[in-house]
Amino acid sequence: MHYGFVKVAAGVPEVRVADPRWNVERIESLAIQAEGRGVEVIVFPELSLTGYTCGDLFAQQLLIDEAEAALIHLMNFSRSLDIICIVGLPVAYGGSLLNCAAVVQKGRILGLVPKTYLPNYKEFYEMRWFTSGASIQQDAQVWICGQQTRLSTSLLFHTPTCTFGVEICEDLWATIPPSSRHTLCGAEIMFNLSADNDLVGKETYLRSLLQQQSARCIAGYVYAGCGFGESTQDVVFGGKAYVVEYGTIVAEARRHSIEPQILESEIDVERLRAERRVNTTFTACAGREVASTAHYDTIDTALITPRDFQFTRSINPHPFVPTGRHLDERCEEIFAIQTEGLAKRLRHTGCKTLVVGISGGLDSTLALLVAVKTLDLLNLPRKGIVGITMPGFGTTGRTYNNALQLMRSLGVTIREISIAQAVEQHFEDIGHDPADHDITYENSQARERTQILMDVANQVNGMVVGTGDLSELALGWCTYNGDHMSMYGVNTGVPKTLVQHLVRWVAMQQTDERTRDTLLDIIDTPISPELIPANEHGEIQQKTEDIVGPYELHDFFLYHVLRWGYRPSKIYFLAQQAFGLKGAGATSYDDEAIKHWLTNFYRRFFSQQFKRSCLPDGPKVGTVSLSPRGDWRMPSDASREAWIAECEAL
C-alpha cells in the first residue's frame, strides 16, 4: 500500500461459451499482465470460467468437471504470483449447484462465495440451474480441486493492505445488498463478478447504483462484467467494468470492446478508514450489525512482495471546483445557501439595512452580490445596502473605480470614507513611523475600516456583512478584530478558488451588461489587501499570493487536510500528481515549490487557529468548514511540530 492506495483491477476477457480450458488461459493472460502492473487483486466476470450464457449446459456433469479442472489450472498458474484472482464458476454442493466466486492466490483457493440473489425474471432464469447461497450453513466446506475449502456468503478476505468482500451481480441490485453487511463487518473494498446485459438506459442506472452503494458503505467497489464472446442469442453483454471509490467513479472500461481489457486503478483505503472513523452513523450501524449477525469468517491472504508503485489515477488539482454544468449547479446552490442564511439573520434581527465594505476585490464583491440578492428575495429596496468604499494608502485607481461602478450599477447606497487621515492620526497617537510598512502599518488600516463599518451599522440600525473567505481563515490572512470581524460572514464557507467562479456565474447569469463588465474586470484583478502603497505606475504592489502562496495550492492542501485528515507526506504526493509536470493543473509547480508552500500552510494553519476560535456566524456551504461551532474544533495552542517535521523531511 502506497500512501494508503491499493491497486485493484477488473479483467474483462474474451470468452468461449462452455469452454473452460480456453477461458482460463485468457484469464491467466490478463492476470499476469495485472501482476506486472502491481495489481494486488483482480476480479473477473460472473461464471468467467464457463461463460455465463451456457444455459441448460450447466446441468451437464462434464461442464462442471471442466470448470473445476480450469480452476486447478489457475491455482497452479498462481503459485509463483502474489496477485489475488477472483473468478466465477459453477460449484456442486450437497445435491445443488451454486453460482460461485473463487478467490485464488499462490496455489490455494482462499474461499468460495456463492451468489445470494438469483434473478428469475424477464431475460434471467438462474433458478432453473442454481440454488441461492443463503441456504448454505455458515460453516460449510466443500472438497474442490483437491482441497477442503470454506464455502459461505459471510467470508471476508484480509490482505496486508485491506479487507475485502465479494458479491455477485444481482446481489448489488437487491434491496439490501450483501455488500452492506460485508462493509459493516469490516470490508473496505467490494468486488463484484457480474453478467449484466446491455439495454438502453441500463448503464446509467448501473453507474448510479455503484456510486450510491459505495458511498453508503463508505467503501471501494470494483465491478467486472461479461463481455465479448458470450452468447448473443437473445442479449448482448457489453463488458462493463468500473472502479468506484466512496461515490466517485475513478476508472471505467470502454464498453463493447471486442478486445480483452484490464481496468486498473487505485482505491484510497486510508481515505475510507478516515471517513468511517468520523462518520458516527456508520460506526453505529456497524455495531448493530455485528451484534445481530451470524459469525463472519475473515481469511488471511499471503503476503505480497513490495513492488514499484505506478500511480494511474488522475488527481483533481481543484477539489472545490467541479467542471462543466456541475460548476454552474455548484455555484447556484452555494449562492442560494448564502442568500438564505443572510435572509434568516435579517428576519430574526429585524434589520432592514446591510453594511458592506467594498474594496473592488473578489471577496467584497461576492458579499455585495449576496446582499443584493437577499434584499431582492425579501422584497426590500436595494438602497437598504450601504456600500462603503474606504480608500487608503494602497488603494489603486482600478479597484477604487470598480468598487464605485459596481455599487452604482447595482443600485445600492454609496458612501466613500477615506481612512488615510484617521490612520495617520492613529500612527501619531501610538508613535508609529508611517514610513515603516510593517504589520502595525497594515493592521491599523484594516481595523480602522472595521471600526467605520461597525459604527455606520450602529448609525443606520444595520448589520455588517463579513467578506472574508474560507481560504483566508485557514491561512489566518485577516486582521484579528479587523476584517476578521463582522455580524454575519456570508463567505466563510467558500474557498478562494471558488469565489471567482461564483462571481463569474452571477455575472453571466443574473446581471446586466454594465454590471457584467465590471464583475469580469474585478475577476481579472490581482488579489491584494492593498495595504501597501502602489508602485510608481499606480499598480498593485502587494500581491497576496506572492506572500502566502498560490491559493490553488492552499485550497488543495486545505481540502485534503480537513476532509480526509491526510498527513503531509501524502498531501505532498497527491500535489505532485495534481500539479507536477504530468498533472492536470493549469499551473505546474516543482517539488521544491510544493514542499515550501505546504510547510507554510501548516505553519500558518496552526498559528492562526485563535482567529477561527472566535469566528462570527456564517453559513456552511460544503463538506469543508472551519466553524468552531461545527466542523473544526482545535485548540489554539496545539503543537505543530510533528506536521512541520514531516514537511521538512520530504
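Computed from a prediction, not measured in an experiment: that's the story for all the values here.

**Student:** How do you make sense of helix α19 (residues 591–607) when you look at a structure like this?
**Tutor:** One full turn of an α-helix is made of 3.6 residues, so residues set three or four places apart face in the same direction. Relative to the 24 Å expected for 17 residues at 1.5 Å per residue, α19 spans 24 Å between its end C-alpha atoms, a close match to the ideal helical length. Taken together, the buried positions of α19 are I594, K595, W597, L598, T599, N600, F601, Y602, F605 and F606. Looking at the buried residues of α19, the elements they touch are α13 (470–475), α16 (544–548), α17 (551–564), α18 (568–579), α20 (609–613) and α21 (641–648).

**Student:** Before we go on, may I ask you to explain the sheet that holds strand β19 (residues 463–466) in this structure?
**Tutor:** For sheets, the rule is that strands pair by backbone hydrogen bonds, running either parallel or antiparallel. Taken together, the five strands give an open sheet; going across it, the order is β18-β17-β16-β19-β20, and neighbouring strands pair in parallel fashion. The open sheet has two edge strands, β18 (413–416) and β20 (488–489), and neither has a second partner. Here strand β16 (residues 354–357) pairs with strand β17 (residues 385–389) via four bridges, running parallel. Bridged to V355 within β17 is V386. Together, β16, β17, β18 and β19 form the strand contacts of helix α12 (residues 439–459), whose direction differs from that of β16 by roughly 160°.

**Student:** Can you walk me through the pairing of β16 in this structure?
**Tutor:** Here is the key point about a regular strand: its side chains alternate between the two faces of the sheet. Alternating positions in β16 separate into two faces, L354 and V356 on one and V355 and G357 on the other, with burial throughout. Sheet topology note: the β16/β19 ladder contains two bridges and is parallel. Within the sheet, the bridge partner assigned to V355 lies in β19 and is V464.

**Student:** What exactly am I supposed to notice about the state of the cysteines here?
**Tutor:** The full count for this structure, using the stated rule, is zero disulfides. With no disulfide of its own, C100 has C145 as its nearest cysteine by sulfur position, at a separation of 12 Å. Left unpaired, C162 is separated from the closest cysteine sulfur, that of C85, by 15 Å. We classify C162 as buried; its relative accessible area is 2%.

**Student:** Honestly, the side chain of E552 in this entry has me stumped. Any pointers?
**Tutor:** Its place among the elements puts E552 in helix α17. At 13 Å, R504 is the nearest oppositely charged side chain to E552, a buried residue that forms no salt bridge. Among the polar contacts listed, one links the side chain of E552 to the side chain of Y589, at a separation of 2.7 Å. In contact with E552, other than residues within four places in its own chain, are P317, H318, T497, E545, F579, T587 and Y589.

**Student:** Looking at this structure, I do not really get the sheet that holds strand β11 (residues 220–225). What am I missing?
**Tutor:** An order of β13-β12-β11-β10-β9-β8-β15 is seen for the seven strands of this open sheet, with the pairing classed as mixed. The outermost strands of the open sheet, each flanked by one partner alone, are β13 (248–252) and β15 (297–300). Taken pair by pair, the neighbouring strands of this sheet meet at an average axis angle of 25°, ignoring direction. In the sheet, β11 pairs with strand β12 (residues 241–245) via five bridges, with the strands oriented antiparallel. Residue pairing in the sheet places Y221 in a bridge with V244 of β12. Across the sheet, helix α5 (residues 202–216) lies against β11, β12 and β13, angled at about 30° from β12, the strand it touches most.

**Student:** Just to check I follow, could you spell out the packing of helix α14 (residues 496–509) against helix α15 (residues 513–524) for this structure?
**Tutor:** Pairs of packed helices are described in terms of their axes, by the angle between the two and the distance that separates them. Their axes nearest at 9 Å, the elements α14 and α15 cross at an angle of 165°. Overall, the two elements α14 and α15 adopt an arrangement that is roughly antiparallel. For the crossing formed where α14 meets α15, the hand is left-handed. Side by side, α14 and α15 meet where Q500, V503, R504, A507 and M508 of the first sit next to R516, L519, L520 and I523 of the second. The residue makeup of the contact of α14 with α15, split by class, is six nonpolar, one polar and two charged.

**Student:** Is there a simple way to think about the layout of surface pockets in this case?
**Tutor:** By volume, the largest pocket is sized at about 1200 Å³. T248, R271, N316, P319 and Y559 are, among the 37 residues lining the largest pocket, the residues nearest its centre. Taken together, the residues of the lining of the largest pocket sort by class into 20 nonpolar, 10 polar and seven charged.

**Student:** Even after reading the chapter, I still don't get the pattern of salt bridges, so can you show me in this structure?
**Tutor:** Any two side chains of opposite charge can pair, so long as their charged atoms come close to each other. Applying the stated criterion across every chain yields a total of 34 salt bridges. In this structure, the salt-bridge partner of E275 is R563, at a minimum N-O distance of 2.7 Å. Of this pair, E275 sits in helix α6 (residues 269–278) while R563 is found in helix α17, placing the two residues 288 residues apart along the sequence. With a relative accessible area of 8%, E275 lands in the buried category.

**Student:** What exactly am I supposed to notice about unusual backbone geometry here?
**Tutor:** It is generally the case that most residues other than glycine have a negative phi and that most peptide bonds are trans. A positive phi is found at K106, a non-glycine position, where the angle reads about 50°. Mapped onto the fold, K106 is located in the loop between β4 (96–105) and β5 (108–114). Look at Y246: it is not a glycine, yet its phi comes out positive at around 45°. Checked against the element boundaries, Y246 lands in the loop between β12 and β13.

**Student:** For this particular structure, what's the right way to read empty space enclosed by the protein?
**Tutor:** Empty space among the atoms becomes visible once a probe the size of a water molecule is rolled across them. Taken as a whole and assessed by the stated rule, the structure comprises one cavity of 30 Å³ or more. By volume, the largest cavity amounts to about 80 Å³. Lining the largest cavity are 14 residues, with G468, L473, D483, H484 and T492 sitting closest to its centre. Of the residues that constitute the lining of the largest cavity, the class distribution is four nonpolar, seven polar and three charged.

**Student:** Even after reading the chapter, I still don't get the nonpolar core, so can you show me in this structure?
**Tutor:** As a rule of thumb, nonpolar side chains are buried together in soluble globular proteins. Core analysis: the biggest nonpolar cluster contains 125 residues, and I86, F164, I189 and F557 have the highest contact counts within it. The contact partners of F557, leaving out residues within four places of it in the chain, are I571, A575, I594, W597, L598 and F601. Membership of the second largest hydrophobic core comes to 34 residues, among which are A9, I27, A67 and L98.

What counts and how
Residues numbered from 1 in each chain as written. Predicted model: local features only at pLDDT ≥ 70, side-chain atom pairs only at ≥ 80, totals over all residues. Heavy atoms only, no water. Helix = DSSP H or I, 4+ residues; strand = E, 2+ residues; numbered from the N terminus. Expected span 1.5 Å × (residues − 1). Buried < 20%, exposed > 50% of the residue type's maximum accessible area, 1.4 Å probe, protein only. Contact = heavy atoms within 4.5 Å. Pairing = 2+ DSSP bridges. Axes fitted to C-alpha atoms, helices over the stretch in contact; angles between N-to-C directions. Disulfide = S-S within 2.5 Å. Lys, Arg positive; Asp, Glu negative; His and termini not counted. Salt bridge = Lys/Arg side-chain N within 4 Å of Asp/Glu carboxyl O. Polar contact = N/O pair within 3.5 Å; in protein donor to acceptor, adjacent residues only side chain to side chain. Parallel < 35°, antiparallel > 145°, perpendicular 65-115°, else oblique. Left-handed = near helix turned anticlockwise from the far one by under 90°. Nonpolar A, V, L, I, M, F, W, Y, C, P; charged D, E, K, R; others polar. 1 Å grid on protein atoms, 1.4 Å probe; cavity = no way out; pocket = protein on both sides within 12 Å on 5 of 7 lines; lining within 4 Å. Points joined across faces, edges and corners; volume = space filled by probe spheres on them. Core = buried A, V, L, I, M, F, W, Y, C linked by side-chain atoms within 4.5 Å.

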